[in-house]
Amino acid sequence: MVLQTKDLSVGYGKHEILNRVNLNFANNTITALVGPSGSGKSTFLRTLNRMNDSIKDYWHNGQVLLDNEEIFDPDIDLISLRRKVGMVFQRPNPFPMSIANNVAIGIKTHKLANKKQTGFLVEKFLTQVGLYKAVSNRLNDSPFKLSGGQQQLLCLARALAIGPEVLLLDEPTSSLDPQTTQAVENLVVDMAKEITVIIVTHNLAQARRIADFAAFFWDGKLMEYGRAAQVLEDPQNEITEKFVTGKLG
Ligand SMILES: Nc1ncnc2c1ncn2[C@@H]1O[C@H](COP(=O)(O)OP(=O)(O)OP(=O)(O)O)[C@@H](O)[C@H]1O
Ligand SMILES: [Mg+2]
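Residues numbered from 1 in each chain as written. Chains lettered and ligands numbered in written order. Predicted model: local features only at pLDDT ≥ 70, side-chain atom pairs only at ≥ 80, totals over all residues. Heavy atoms only, no water.

**Q** Run through the site of ligand 1, naming residues and quoting values.
**A** Of all residues adjacent to ligand 1, which total 13 residues, the nearest are Ser37, Gly38, Lys41, Thr43 and His202. Ser37 is positioned with one of its side-chain polar atoms (N or O) 2.7 Å from an oxygen atom of ligand 1. Here an oxygen atom of ligand 1 sits 3.0 Å away from a polar atom, N or O, in the main chain of Gly40. Counting residues per element, the shell around ligand 1 draws most heavily on helix H1 (residues 41-47), which supplies 3 residues. (Near = heavy atom within 4 Å. Polar contact = N/O pair within 3.5 Å; in protein donor to acceptor, adjacent residues only side chain to side chain. Helix = DSSP H or I, 4+ residues; strand = E, 2+ residues; numbered from the N terminus.)

Here's what the structure looks like:
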């Protein structure tokens, strides 16, 4: 297992948001996290690379193990944790620097290549996400002139460029058109040959198309987990069944 949570509970102040979540993520798999709004999917995902740390009154109990190491261990270096566990958010958030530098920044920060190689890598990752052709003649322009979908592809390229072991995707296609969505789905499936992907999605058809495993969250609890086909098409839990058939709430 590359990543495991053991009895992970998370909350803000007096409010417990996640209750004793036990989940395992195996190498080279895609796991979809599904569930109604407010069920704790993003909170869970953000805990996996300690993105919630800076939120006031945030607390956790239980364990998160990355390659068998506790990520909340005081010895863990946050920068190297986030290099191993990358993240792409629902809304594209390019950095205020050139298109090329958005991809190069992680490579530079982590000293993954020399200057010349960095140029090649920028091209490689932009090509991998299918963006290179559209931006090759304006690599030094601002990313904010790109369309929303292109900005999201850029954020994916940025995340891939640091060579993560695990990629966390929080509704990455919710603002994309069907064609770009399909391109991202294909890319995610392709990426999972090398890395482990955990994706939050409200699109159950998408979860079914790309995920190996699915985890259904409900009110901060992991209600059902299993092979994506089983959870999404033949759920054993009554609440999961209501959710996947659109009868919840
Ligand atoms: N900073 C915060 N302080 C207090 N409560 C929070 C904070 N962030 C999230 N919550 C609460 O945690 C619960 C879970 O939120 P979360 O964003 O994880 O849900 P979600 O499953 O991702 O929902 P959605 O599908 O709408 O994105 C919600 O009740 C939310 O109000
Ligand atoms: Mg969310």
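Resuming the write-up.
**Q** A description of the side chain of Asn49 should follow, citing residues and the corresponding values.
**A** As for its placement among the helices and strands, Asn49 is situated in the loop between H1 and strand E4 (58-66). We classify Asn49 as buried; its relative accessible area is 1%. Those residues in contact with Asn49 that sit more than four places away from it in its chain are Leu81, Arg82, Val85, Met87 and Leu168. (Buried < 20%, exposed > 50% of the residue type's maximum accessible area, 1.4 Å probe, protein only. Contact = heavy atoms within 4.5 Å.)

**Q** Residues and numbers for the packing of aromatic side chains, please.
**A** Counting across every chain of the model gives 5 aromatic pairs. Taking 6.4 Å as the distance between ring centres and 45° as the angle between the ring planes, the aromatic pair formed by Phe25 and Phe44 counts as tilted. Pair noted here: Phe25 is in strand E2 (residues 15-25) and Phe44 is in helix H1, with a separation of 19 residues, a long-range link. Taken individually, Phe25 and Phe44 each receive the classification buried, so the pair is uniform in this respect. (Phe/Tyr/Trp six-rings, centres within 6.5 Å; stacked < 30°, edge-to-face > 60°.)

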